[in-house]
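Geometric and topological summary
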Amino acid sequence: MAHGKIYLFPSLLSPDTVEAVIPRRNIDLIKGVKYFVVEELRTARRFLKQCDRSIVIDELHFDVLNEHTPGQDVEAMLVPALEGHDIGVISEAGCPAVADPGADLVAAAQRKGIEVVPLVGPSSILLALMASGFNGQTWAFAGYLPHDTDSRGRALKEMQRRIERERQTQIFIETPYRNNKLIAELCQRLPGHMLLCVASDVTGPKESILTRPLSAWAKANYNYDKIPTIFLLYS
């Protein structure tokens, strides 16, 4: 029996934007898939209904793969593909398997020789980088910065070193309710000439992508509280 395929379906970065950011091919494919591995069940169900209201959620099978999923459970999620069924992978937001637990499923699929099909869709990392004006030849995504003060300071100093010596753009995120505090902290800890791009509500109705020196951010009025935001540093 031929294996099914693993389809990586990018999901929304901002609600109610399916028509603007999800290609028709993705929607056509998603309508034919009955097995899904998702990061967050409620978000995935809502996304599927936004893709096509004719999709009957109760007819679908979902496995949840998040940061709490035991590693030994991941390969079992591939059983439908081994039995000939396609599997769709959906992240809570943006591209699955990029800074996302879905990468573990993809790695297991590659080990077993199951075809993995990445699909076009929104990526906050790439969209923010595109609009920042920063170096797109060499860049690094660091995810969340450490919470511990000393570790956080060391991480920022390492970013500064890579920017200055390697000309490498540094990209990272923060818990949305701490966005404003993070900007203030960057202004305090890093040189004022360093450039910070703040990309907020990317693809959404309140999208804002601004690049300024940290010295200008220190004097600016802004409020990114509780808004999904991605940060980029360069010089």
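These numbers come from a predicted model, not from an experiment.

Scoring rules and cut-offs
- Along every chain, residues carry numbers that run from 1 in the direction the sequence is written.
- Only residues with pLDDT of at least 70 get local features here, since the model is predicted, and only at 80 or more are side-chain atom pairs given and counted; chain-wide, interface and lining totals rely on the full set of residues.
- Side-chain metrics rest on all non-hydrogen atoms present in the structure, leaving aside hydrogens and water.
- Pairing of aromatic rings covers Phe, Tyr and Trp, the last counted by its six-membered ring, and requires centre-to-centre distances within 6.5 Å; plane angles under 30 degrees mean stacked, over 60 mean edge-to-face, and any other angle means tilted.
- By the criteria applied, helices consist of DSSP H or I runs no shorter than four residues and strands consist of E runs no shorter than two, each listed in order from the N terminus.
- Working definition: with a 1.4 Å probe on protein chains only, accessible area under 20% of the residue-type maximum means buried, over 50% means exposed, and in between means partly exposed.
- Any Lys NZ or Arg CZ found within 6 Å of a ring centre and within 35 degrees of that ring's normal is scored as a charge over the ring.
- As used here, the arc belongs to the directions running from the helix axis to the C-beta atoms.
- The criterion used for residue contact is that any of the two residues' heavy atoms lie within 4.5 Å.
- Points on a 1 Å grid, built from protein atoms alone, make a cavity when a 1.4 Å probe fits but cannot get out and make a pocket when they are open with protein on both sides within 12 Å along at least 5 of 7 lines; residues with an atom within 4 Å of a point are the lining residues.
- Grid points are joined across faces, edges and corners, and a volume is the space filled by probe spheres set on the points.
- Ten residues, namely Ala, Val, Leu, Ile, Met, Phe, Trp, Tyr, Cys and Pro, are considered nonpolar, four, namely Asp, Glu, Lys and Arg, are considered charged, and the remaining ones, Gly among them, are considered polar.
- Note on definitions: salt bridges are taken to be side-chain nitrogens of Lys or Arg within 4 Å of carboxyl oxygens of Asp or Glu.

On to the packing of aromatic side chains. Tallying each qualifying case throughout the model produces seven aromatic pairs. The interplanar angle of 25° and the centroid separation of 5.8 Å between the aromatic rings of Phe36 and Phe62 together place this pair among those described as stacked. With a gap of 26 residues between them, Phe36 in strand β2 (residues 35–38) and Phe62 in strand β3 (residues 61–64) connect regions that are remote in the sequence. On the basis of relative accessible area, Phe36 is assigned to the buried category, the value being 2%. Their ring planes at 20° and their centres at 5.9 Å tell us that Phe172 and Phe231 sit as a pair that is stacked. Of this pair, Phe172 sits in strand β7 (residues 169–173) while Phe231 sits in strand β10 (residues 229–234); the two residues are 59 residues apart in sequence, bridging distant segments of the chain. For the pair Phe172 and Phe231, a shared accessibility class is recorded, and that class is buried. A cation over a ring is seen here: Arg212 above Trp217, with NZ or CZ 4.6 Å from the ring centre.

Now for helix α5 (residues 102–111). An α-helix turns once per 3.6 residues; consequently, residues spaced three or four apart project the same way. Along α5, the residues that are buried comprise Gly102, Leu105, Val106, Ala108 and Ala109. Along the long axis of α5, the arc covered by the buried residues comes to 160°, so they all point the same way. Those residues of α5 that are exposed and angled more than 90 degrees off the buried face are Gln110 and Arg111. Where the residues of α5 are buried, they touch β1 (6–9), β2, β4 (87–90) and β5 (116–118). Among the residues trailing α5, Gly113 stands out with phi positive, at a value near 75°.

Quick look at the environment of Ala216 now. With respect to the secondary-structure elements, Ala216 resides in helix α9 (residues 214–217). With relative accessibility at 32%, the residue Ala216 sits in the partly exposed group. For the pair Ala216 and Leu232, spaced 16 residues apart in the sequence, the C-alpha separation amounts to 15 Å.

Another point: the layout of surface pockets. Roughly 1,000 Å³ of volume is contained in the largest pocket. If you trace the largest pocket, you find 34 residues lining it, with Leu13, Glu92, Ala93, Gly94 and Pro228 closest to the centre. Where the lining of the largest pocket is concerned, the elements lending two or more residues are α3 (41–51), α6 (124–132), β6 (139–144) and β10. In terms of residue count, α3 provides more of the lining of the largest pocket than any other element does, four residues in total. For the lining of the largest pocket, a count of residues per class yields 18 nonpolar, ten polar and six charged.

Counted under the stated rule, the structure contains eleven salt bridges. The salt bridge involving Arg161 is made with Glu158; its shortest N-O contact spans 2.8 Å. A residue pair is termed a helical-turn pair when its members lie 3 or 4 positions apart in one helix, as Arg161 and Glu158 do in helix α7 (residues 149–166) at three residues. Of the residues examined, Arg161 reaches a relative accessible area of 27% and is grouped as partly exposed. A relative accessible area of 32% means that Glu158 is categorised as partly exposed. Here Arg178 and Glu174 are joined by a salt bridge, their closest N and O atoms 3.4 Å apart. Across the pair, Glu174 and Arg178 agree in class, each one buried.

By themselves, these figures tell us nothing about what the structure is for.
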